[in-house]
Protein chains: 2
Amino acid sequence: MNKKAYQSQAELFQVLSHPVRLQILDALRSQDCCVCHLQALTKRPQAYVSQQLRVLRDFGLVSDEKDGQNVYYRLCNDMVGELLGMVLTSNGPKAVMIDCTCPRCNEVG
Amino acid sequence: MNKKAYQSQAELFQVLSHPVRLQILDALRSQDCCVCHLQALTKRPQAYVSQQLRVLRDFGLVSDEKDGQNVYYRLCNDMVGELLGMVLTSNGPKAVMIDCTCPRCNEVG
DNA sequence: TAAGTATATGCAAAGAAAGATATATATTTT
DNA sequence: AAAATATATATCTTTCTTTGCATATACTTA
């Protein structure tokens, strides 16, 4: 393996080496989420969450889709999904109460 | 999953987010190596290699064993081995000529 | 069209990591 | 015991990352 390859793989790990980005990716493993949802989940300011989403987006790990006022993010890299599954020993989707105001979180089921 | 968990997994990725450390770990996947071997492989100064080995050692990814003048390092974390196998698409051990002076690299076969 | 809500961007301060260099220690050889 | 070899550590400077904050944009509703 050559230098360039190690470099680019190191860059992937660099993107993953951040607790909030990991938390976001883990959330996106089970469902796509809007920013305000991730904001409620991580308990961080909106601008902060958007900044981390930008890092993930720029690196091609997530894609975004606008729906009205909201922007929904989804995981768009299978390898990273698997990788997270291997490392994050999350025991399935946990029923965390999240105070998110977006339509999806508040639709009548 | 809680904050602490994401934090500690981020720390693992942090350790992996370094091209030379990745190269070292990749080398150790196929065989244990002494420092001078890794020095020849990475073409970095000895002190630099030792510094990276310390990071890996402190994080529990490699262990070391002294044999005479030489110190041999080995991968000692199965999960990380697997993880690397997944990410580093190295096509098996490549026959790179390495100018290492240690006994193992120079024993008569 | 004004006000409210959701999201994105730009920038600066603080903190962390990278890499270079000097030097220390331990082992072997002469 | 001195010289040579292999490895480790300490320290410093530079560069990168993180995070907070101010502000900009875009959509929606009144």
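In this report, we go over the structure that sits alongside the text. (Residues numbered from 1 in each chain as written. Chains lettered and ligands numbered in written order. Predicted model: local features only at pLDDT ≥ 70, side-chain atom pairs only at ≥ 80, totals over all residues. Heavy atoms only, no water.)

### Digging into the pattern of salt bridges
As a working rule, side chains carrying opposite charge can pair if their charged atoms are close by.
Thought 1: The tally for this structure, following the rule as stated, stands at eight salt bridges over all chains.
Thought 2: When the shortest N-O distance is used, the salt bridge between Asp32 of chain A and Arg74 of chain A registers 3.2 Å. Here Asp32 of chain A, found in the loop between α2 (19–30) and β1 (33–34), pairs with Arg74 of chain A, found in strand β3 (residues 70–75); they are 42 residues apart in sequence, far enough to count as distant.
Thought 3: The class of Asp32 of chain A is partly exposed, set by a relative accessible area of 23%.
Thought 4: Of the charged contacts, one joins Arg29 of chain B and Asp26 of chain B as a salt bridge, the two residues approaching to 3.1 Å between their closest N and O atoms. With Arg29 of chain B and Asp26 of chain B both in helix α2 (residues 19–30) and three residues apart, this pair spans about one turn of that helix. (Salt bridge = Lys/Arg side-chain N within 4 Å of Asp/Glu carboxyl O. Helix = DSSP H or I, 4+ residues; strand = E, 2+ residues; numbered from the N terminus. Buried < 20%, exposed > 50% of the residue type's maximum accessible area, 1.4 Å probe, protein only.)

### A few points about the environment of Tyr48 of chain B
All names here are of chain B.
Thought 1: In this fold, Tyr48 is placed in helix α4 (residues 46–58).
Thought 2: Considering only alpha carbons, one finds Tyr48 and Val80, 32 residues apart in sequence, at a separation of 22 Å.
Thought 3: Setting aside anything within four residues of it in sequence, one finds Tyr48 in contact with His18 and Val20. (Contact = heavy atoms within 4.5 Å.)

### Some details on the sheet that holds strand β3 (residues 70–75) of chain B
Residues and elements named next belong to chain B.
Thought 1: Ordered in space as β1-β3-β2, the three strands form an open sheet in which the pairing is antiparallel. Strand pairing shows two members of the sheet lacking a second neighbour, β1 (33–34) and β2 (62–67), which therefore form its edges.
Thought 2: By the bridge criterion, six bridges tie β2 to β3 in an arrangement that is antiparallel. Residue pairing for β3: Lys66 is matched across the bridge by Val71.
Thought 3: Each of β2 and β3 is contacted by α4, which is oriented at about 120° to β2, the strand it contacts most. (Pairing = 2+ DSSP bridges. Axes fitted to C-alpha atoms, helices over the stretch in contact; angles between N-to-C directions.)

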